[in-house]
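What follows is the residue order along each chain.
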Amino acid sequence: GAGVSQSPRYKVAKRGQDVALRCDPISGHVSLFWYQQALGQGPEFLTYFQNEAQLDKSGLPSDRFFAERPEGSVSTLKIQRTQQEDSAVYLCASSLRTGDYNEQFFGPGTRLTVL
Amino acid sequence: AQSVTQLDSHVSVSEGTPVLLRCNYSSSYSPSLFWYVQHPNKGLQLLLKYTSAATLVKGINGFEAEFKKSETSFHLTKPSAHMSDAAEYFCVVSVLSNSGYALNFGKGTSLLVTP
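Given the structure is predicted, the values throughout are model-derived calculations rather than measurements. (Residues numbered from 1 in each chain as written. Chains lettered and ligands numbered in written order. Predicted model: local features only at pLDDT ≥ 70, side-chain atom pairs only at ≥ 80, totals over all residues. Heavy atoms only, no water.)

Undergrad: Looking at this structure, how should I read the pattern of salt bridges?
TA: Should the charged atoms of two oppositely charged side chains come close, the side chains can pair. Residue and element names in this part refer to chain B. Scanning all chains against the criterion turns up 6 salt bridges over all chains. Across the pair arginine 22 and aspartate 8 runs a salt bridge, and its minimum N-O distance is 3.0 Å. One end of the pair, arginine 22, is in the loop between strand E3 (19–21) and strand E4 (23–26); the other, aspartate 8, is in the loop between strand E1 (3–6) and strand E2 (10–14), with 14 residues separating them in the sequence. (Salt bridge = Lys/Arg side-chain N within 4 Å of Asp/Glu carboxyl O. Helix = DSSP H or I, 4+ residues; strand = E, 2+ residues; numbered from the N terminus.)

Undergrad: What should I look at first to understand the state of the cysteines in this one?
TA: By definition, a disulfide links the sulfur atoms of two cysteines through a covalent bond. Across all of its chains, the model carries 2 disulfides over all chains by this definition. Each disulfide pairs two cysteine sulfurs, and for cysteine 23 of chain A the partner residue is cysteine 92 of chain A, the sulfurs being separated by 1.8 Å. The S-S bond linking cysteine 23 of chain A to cysteine 92 of chain A shows a torsion near -65°; that makes this disulfide left-handed. Separated by 69 residues along the polypeptide, cysteine 23 of chain A in strand E3 (residues 19–24) and cysteine 92 of chain A in strand E9 (residues 88–95) bring together distant segments of the chain. There is a disulfide in this structure between cysteine 23 of chain B and cysteine 91 of chain B, and the S-S distance comes to 2.0 Å. (Disulfide = S-S within 2.5 Å.)

Undergrad: I keep staring at the interface of chain A and chain B and nothing clicks. Help me out?
TA: When the parts come together, some accessible area is lost, and that loss is often what is quoted as the size of the interface. Contact with chain A, which involves 23 residues of that partner, is made by 22 residues of chain B. Approximately 1800 Å² of surface area, both sides summed, lies buried where chain A meets chain B, with 52% of it carried by carbon and sulfur atoms. On the surface where chain A and chain B come into contact, there are 0 salt bridges. At the boundary of chain A and chain B, one finds 4 residue pairs in polar contact (both at pLDDT 80 or more). At the level of elements, strand E4 (31–37), strand E5 (44–50) and strand E6 (53–56) of chain A are the ones that each hand at least two residues to the side of chain A that touches chain B. Broken down by element, the residue count for the side of chain A that touches chain B peaks at 3 residues, all from E4 of chain A. Looking at the side of chain A that touches chain B residue by residue, the classes come out as 11 nonpolar, 8 polar and 4 charged. (Contact = heavy atoms within 4.5 Å. Buried area = accessible area lost by both parts, 1.4 Å probe. Polar contact = N/O pair within 3.5 Å; in protein donor to acceptor, adjacent residues only side chain to side chain. Nonpolar A, V, L, I, M, F, W, Y, C, P; charged D, E, K, R; others polar.)

Undergrad: For this particular structure, what's the right way to read the environment of alanine 81 of chain B?
TA: All names here are of chain B. If you trace the backbone, alanine 81 turns up in the loop between strand E9 (73–78) and strand E10 (87–96). In this structure alanine 81 comes out as buried when scored by relative accessible area, which is 3%. A C-alpha to C-alpha distance of 9.7 Å links alanine 81 and phenylalanine 63, two positions 18 residues apart in sequence. Each residue touching alanine 81, except ones within four places of it in the same chain, is listed here: Val13, Ser14, Glu15, Gly16, Thr17, Val19 and Val113. (Buried < 20%, exposed > 50% of the residue type's maximum accessible area, 1.4 Å probe, protein only.)

Undergrad: Would you explain the environment of valine 37 of chain B in this entry?
TA: All names here are of chain B. Structurally, valine 37 can be placed in strand E5 (residues 33–38). Through-space distance from the C-alpha of valine 37 to that of leucine 48 is 9.8 Å; in sequence the pair is 11 residues apart. The contacts of valine 37, once residues within four sequence positions are left out, are Gly43, Leu44, Gln45, Leu47, Ala87, Glu88 and Tyr89.

Encoded structure:
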C-alpha cells in the first residue's frame, strides 16, 4: 500500500520567497505531524493535527510558519518570507490513531534550501 | 520533560561483529521509547518500540533493545552487523504535548559498517 508522500522532494528558494510543502498521509490516518530536521540533527516537532484540527503548533519557530489540513487528509506547510535558517528537511508523519504508543509513519521529506 | 540522549554520534563496526548503539532517557513516568532508522534519501523507519509490555523488545532486521529502568537506558543491539545496516539511528521518546503525543528525537548515531 502507499505510504506517506511529500512534494516537492527538493525546493530551492531565494530569501524572502514564500514556499508551500505538501504532505499526503496514509489514507485513514487520523493524526498528522510535521517535523523539521536540520543538517546533522534529529527531527524536531513543529505541529500536530487530529483530523482537520490543529491541536498543537507549539513547535513552529515563528509566525512565518503555518500549516493547514482543511479536509483532514492532505496537509500543507507554508513558510512565508523564507530565511536562510529555514533551510532543512521537512518531514511529515501520520499515525492511525492518537496515543503515545502509536507508530508514526514518515514520508521521505522535502529538502528546502534557502539561498 | 521527556528526553533522550544518544551517547555516541558515530559508531564504526566491522561486518559480522556486534552492534551497540547507546541511549539514555529522562522521564518522569514510564516512557514509550522507539528506535528509528534513516537511510540516505529515505524516510524514517521504525525499528522497534517499547510500551511497557516487555523489557526486551525485538524489532526488524535482527535488532533488539532492552529497557532498563534502573539505568534509564534503552540501548539498541544486533549480534552481527550487515553492510546494509549502515545508516543514521535515532532513539526517540513519546512526549505528551498540549493535546496529543509527539516524538522527541535524540541527535542520532551514524553507524558505519566496514567490510
